[in-house]
Amino acid sequence: MRVFNSLGRELQEFVPRQAGQVSMYVCGPTVQSSPHIGHGRSAVAFDVIGRYLEWSGYDVTYVVNITDVEDKIIAAAAERGLTPERVAAETSAQFRSAYDALNIRRPDIEPRATEHIAEMIGLIEKLIAGGHAYAADNGDVYFRVRSFADYGRLSGRKIDDLISGARIEPGEDKEDPLDFALWKAAKPGEPRWESPWGPGRPGWHIECSAMARRYLGDGFDIHGGGTDLVFPHHENEVAQSEAAHGPPFARYWLHNGMVNLGGQKMAKSTGRIVDLLGALDEYPPMAIRLFYLRTHYRRPVDFTTEALEDAGASLERLRSFRRRFSGEPEIDAAPEVLDRFRAFMEDDFDTAGALSVLFEVVREGNARLDAGQDAEEWVAAYDDIMGVLGLAEPEDSLDDLRAAIDSLAGSLDVAAAEDPAATVERIVELRDRARTEEDWARSDELRDALTHIGIIVEDAAGGTRWHRQ
RNA sequence: GGUGCCGUGGCCGAGUGGCGAGGCGCAGGACUGCAAAUCCUGUCACACCGGUUCGAUUCCGGUCGGCACCUCCA
């Protein structure tokens, strides 16, 4: 398996630290405001990577942090007249609900910055002892960038090129403009924890160094995040961790591309965003997931409603194939098909290519069913691939339609059953009787009535089928 | 200014030194009471200019265009 490692900027053969096991850390969101389409992309990209690695037989430990203390959260809280804790809790809940809707698996560990202050303080003390950090008179602690010779290796920068952009903000007390905060002294009214340098809060970068090590140890396998985090966030993580404990901090750095809007990056700071929860409300969640997966995770992708509708139509093609076969297939997928799928995935998780295999499976499966042949093997392949891509959904429940279904049944003099699906069956049987009698007006009337409450009826060669939506 | 990525058919989007990935859309056909779903066929693309090569969309150089990072950001 080859993965594109940002460290080195090339495709490299993936060899985990320990055979058969993969340790993975992904930078999750700073919970300052509601999730947008870009957050979903990152989460889906690494969710699929995790799922694929497990499907390939690896034992995966997957860690995603939640940054719940940070300047932006404090600012948002002040603006809304809430406590930072409240803002963080509310926003975390929004992220969780969006991620659940997108069928993103819960990480094995989801550490919060505020619950790991002790680890961060320990790491900062170690950096100070080693001469890599210093406490300033104002109560801040800074990392001494020039003390770490490898600084810039991950992001491909030279220290001298960075100088023009670096600056010292008012109130900071750095030796060098390149230095960055490990610990920030608390101002009145700000969240604070006791520390050897006085009350304060951690800088942004230190949490990932501390938590990744705590849960995955030194030299873990995969560190992920958006390309916008490469510099300075990930560069600083490397500096902190390797200055304290020696290299390597992480072995493979994977970065997903950005979601653009009208050709430019979607970002909170510019207001160019499309709200994720809103989109999930308006489109089938799996259409959004498919939209992400159609493009290789490293490339930028432009968000448009047309693209989402396109993905929705593709999703419908997938689902309508699966509806032709109920239950679980009892035989395995053809190995050659899974091999083709695997070949794409092993090439730096090329989900766009992998989807081409899925659609070929659907076409072949449909053709076989049309020809009256057995397609179980193709259904099995479909289920495997859909599962790895996280596109498979649980059977639609009809519970929310029960009232409408029962009411329709009542108006037709059909007895409602305990299971709403059984009630639908009875109505469909009624229509089939009308069709047998060639009473097309009655038949169409019943079909329209079902369509009206969200049940689609299709007359296939093998009999009448129906499904929701 | 520095660093890096990218320009593929109506739209989206993989990939390859020589054989039309795939999806959406559109057109025609088959099936069908109608509709839907499905199948078949068509829609033969690789920004531009040079170079290497028997042959380049694919490699090299240049031009033009787009984007990202260099500040918080998935």
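As shown above, the structure is provided for reference.
Residues numbered from 1 in each chain as written. Chains lettered and ligands numbered in written order. Predicted model: local features only at pLDDT ≥ 70, side-chain atom pairs only at ≥ 80, totals over all residues. Heavy atoms only, no water.

*Asks:* Is there a simple way to think about the sheet that holds strand 13 (residues 301-303) in this case?
*Replies:* Whether parallel or antiparallel, the strands of a sheet pair through hydrogen bonds between backbone atoms. Strand order in the open sheet formed by three strands is 12-11-13, with mixed pairing between adjacent strands. With one partner strand each, in any of the chains shown, strand 12 (264-265) and strand 13 form the two edges of the open sheet. As defined by bridge partners, strand 11 (residues 259-261) adjoins strand 13 across three bridges and the pair is classed as parallel. What sits directly across from N260, in strand 13, is D302. (Pairing = 2+ DSSP bridges. Helix = DSSP H or I, 4+ residues; strand = E, 2+ residues; numbered from the N terminus.)

*Asks:* What is the right way to read the protein's contact with RNA strand B from this model?
*Replies:* Taken together, 64 residues sit near RNA strand B, with W204, K265, K268, S314 and D370 positioned nearest. Within 4 Å of the protein, the contacting atoms of RNA strand B are 68% sugar and phosphate, with bases supplying the remainder. Between RNA strand B and H39, the relevant distance is 2.9 Å, taken from a phosphate oxygen to a side-chain nitrogen or oxygen of the residue. Contact distances for RNA strand B include 3.2 Å between a base nitrogen and a side-chain N or O atom of S269. Among the elements that make up the surface near RNA strand B, the one with the highest residue count is helix 12 (residues 351-370) (nine residues). Across the surface near RNA strand B, the residue classes break down as 19 nonpolar, 23 polar and 22 charged. (Near = heavy atom within 4 Å. Polar contact = N/O pair within 3.5 Å; in protein donor to acceptor, adjacent residues only side chain to side chain. Nonpolar A, V, L, I, M, F, W, Y, C, P; charged D, E, K, R; others polar.)

*Asks:* Is there a simple way to explain the pairing of strand 9 (residues 220-226) in this structure?
*Replies:* Successive residues of a regular strand alternate their side chains across the two faces of the sheet. Within strand 9, seven of the seven residues are buried, leaving the element largely enclosed by the surrounding structure. By the bridge criterion, six bridges tie strand 9 to strand 10 (residues 250-256) in an arrangement that is parallel. Its bridge partner being in strand 10, G225 is matched across the sheet by H255. Following the chain from strand 9 across helix 7 (residues 230-245) to the adjacent parallel strand 10, one finds a crossover that is right-handed. (Buried < 20%, exposed > 50% of the residue type's maximum accessible area, 1.4 Å probe, protein only. Right-handed = clockwise from strand over helix to strand, strands pointing away.)

*Asks:* Looking at this structure, I do not really get the packing of helix 10 (residues 305-322) against helix 13 (residues 376-389). What am I missing?
*Replies:* Packed helices, taken two at a time, are described by the angle their axes make and the gap between the axes. Across the interface, helix 10 lies against helix 13 with an axial gap of 11 Å and an inter-helix angle of 135 degrees. Comparing the axis directions of helix 10 and helix 13 gives the class oblique. Helix 13 is crossed by helix 10, and the crossing has left-handed handedness. From helix 10, L318, R319, F321 and R322 reach across to helix 13, where they touch W378, V379, Y382, D383 and M386. (Axes fitted to C-alpha atoms, helices over the stretch in contact; angles between N-to-C directions. Parallel < 35°, antiparallel > 145°, perpendicular 65-115°, else oblique. Left-handed = near helix turned anticlockwise from the far one by under 90°. Contact = heavy atoms within 4.5 Å.)

*Asks:* Would you take a moment to explain the environment of E377 for this structure?
*Replies:* If you trace the backbone, E377 turns up in helix 13. Each C-alpha atom of the pair E377 and R146 lies 60 Å from the other, and the pair is 231 residues apart in sequence. Not counting residues within four places of it along the chain, the set of residues in contact with E377 comprises I331, D332, A333 and A334.

*Asks:* Quick question: what am I supposed to make of the pattern of salt bridges here?
*Replies:* Should the charged atoms of two oppositely charged side chains come close, the side chains can pair. In the structure shown here, the tally under the stated rule is 34 salt bridges. One salt bridge connects R105 with E54, and the closest N-O pair in it is separated by 3.2 Å. Of this pair, R105 sits in the loop between helix 3 (84-101) and helix 4 (117-129) while E54 sits in helix 1 (residues 37-55); the two residues are 51 residues apart in sequence, bridging distant segments of the chain. Given a relative accessible area of 34%, R105 falls into the partly exposed group. The exposure class of E54 is partly exposed, given its relative accessible area of 33%. (Salt bridge = Lys/Arg side-chain N within 4 Å of Asp/Glu carboxyl O.)

*Asks:* Is there a simple way to think about unusual backbone geometry in this case?
*Replies:* Most peptide bonds take the trans configuration, and most residues that are not glycine carry a negative phi. Here F231 and P232 are connected by a cis peptide whose omega angle stands at 0 degrees. Relative to the helices and strands, P232 is located in helix 7. Across the junction of P247 and P248, the peptide omega takes the value -10 degrees, indicating a cis bond. Mapped onto the elements, P248 comes out in the loop between helix 7 and strand 10. Despite not being glycine, F349 has its phi angle at roughly 55 degrees, a positive value. Along the polypeptide, F349 turns up in the loop between helix 11 (335-345) and helix 12. At E438, a position not held by glycine, the phi torsion is positive, near 55 degrees.

Read these as spatial facts, not as claims about activity.
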